[in-house]
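Read off the chains here:
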Amino acid sequence: MPNQRTPLPRRQSASVPSAFELTTALAKVAVFLAKFPELPAPSLTVHTDSVMLQFAFLPSQLMFPSVARVARALGSDTHLKAMSGNGWHFEARGRLQGLDVVVFAAVSVATDPVRVAEVSA
């Protein structure tokens, strides 16, 4: 019938993480990064169950060894991963105290003079 309402199926909504869960994840990341006092500061994206560390806008002699050092501490191997737009990421994935960790550096954001000249040409 055109005037009858059709009940929509109800979906269970995802639980909303608490601020405490996020602070717990941040504490784990802080303790881990404190092991590397001379490491350049990465950009972080932190969720309650995962963290992404990105090293960017650094000379390649700092950026790529930083990814490798964090990967080694995670017990992971590094690899190059093709990205969209003909870009590449040097990355590693691992686990840290219950958190999924991705550490990476985009090859395109290295600040080496040769690399910058190549991109801007």
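Since we're looking at a predicted model, the values are computed, not measured.

Details of the overall build of the protein
Here is step 1: What the protein contains, in helices and strands, is three helices and five strands.
Here is step 2: Secondary structure elements in the protein, listed N-terminal to C-terminal, are α-β-β-α-β-β-β-α.
Here is step 3: What you see for the protein is a C-alpha radius of gyration of 20 Å, clearly larger than the 14 Å of a compact globule of 121 residues, by over 25%.
Here is step 4: Across the protein, every contact between residues at least 6 apart in sequence was considered, and the portion connecting residues at least 24 apart equals 45%.
Here is step 5: Taken as a whole, the protein presents about 8500 Å² of accessible surface, with 58% of it coming from carbon and sulfur.
Here is step 6: Between the averaged position of the 11 positive side-chain charges in the protein and that of its 8 negative side-chain charges there is a distance of 11 Å.

Here we look at the nonpolar core
Here is step 1: Grouped together as the largest cluster of nonpolar side chains are 24 residues, with contacts concentrated most on F55, M63, V70 and V103.
Here is step 2: If you list the elements that add at least two residues to this core, you get helix 1 (19-33), strand 2 (50-54), helix 2 (60-74), strand 4 (88-96) and strand 5 (99-106).
Here is step 3: The contacts of V70, once residues within four sequence positions are left out, are F32, F36, L39, F55 and V103.

Regarding the sheet that holds strand 3 (residues 79-82)
Here is step 1: Across the sheet, which stays open at both edges, the five strands sit in the order 1-2-5-4-3 with mixed pairing between neighbours. Because the sheet does not close on itself, it has two edges, and the strands there are strand 1 (43-46) and strand 3. The average undirected angle you get between the axes of adjacent strands in this sheet is 30°.
Here is step 2: Relative to strand 4, strand 3 is paired through four bridges, and the arrangement is antiparallel. Residue pairing in the sheet places H79 in a bridge with E91 of strand 4.
Here is step 3: Its contacts with the sheet put helix 1 on strand 1, strand 2, strand 4 and strand 5, and the angle it makes with strand 1 is roughly 145°.
Here is step 4: Those strands touched by helix 2 are strand 4 and strand 5, and its axis lies near 160° from that of strand 5.

Some thoughts on the pairing of strand 5
Here is step 1: Here strand 5 lies mainly inside the structure; seven of its eight residues are buried.
Here is step 2: Here five bridges tie strand 2 to strand 5, and the two strands are oriented parallel to one another. Of the residues in strand 5, the one forming a bridge with Q54 is F104.
Here is step 3: Bridge count for strand 4 against strand 5 is eight bridges, and the pairing is antiparallel. By the bridge assignment, R93 is partnered in strand 5 with V102.
Here is step 4: Counting the residues between successive antiparallel strands, the hairpin from strand 4 to strand 5 contains two residues, one of them, Q97, with a positive phi of roughly 45°.

Conventions we followed
Residues numbered from 1 in each chain as written. Predicted model: local features only at pLDDT ≥ 70, side-chain atom pairs only at ≥ 80, totals over all residues. Heavy atoms only, no water. Helix = DSSP H or I, 4+ residues; strand = E, 2+ residues; numbered from the N terminus. Rg over C-alpha atoms; globule rule 2.2 N^0.38 Å. Contact = heavy atoms within 4.5 Å. Areas by Shrake-Rupley, 256 points an atom, 1.4 Å probe, with all protein chains shown as cover. Lys, Arg positive; Asp, Glu negative; His and termini not counted. Charge placed at Lys NZ, Arg CZ, Asp CG, Glu CD. Core = buried A, V, L, I, M, F, W, Y, C linked by side-chain atoms within 4.5 Å. Buried < 20%, exposed > 50% of the residue type's maximum accessible area, 1.4 Å probe, protein only. Pairing = 2+ DSSP bridges. Axes fitted to C-alpha atoms, helices over the stretch in contact; angles between N-to-C directions.

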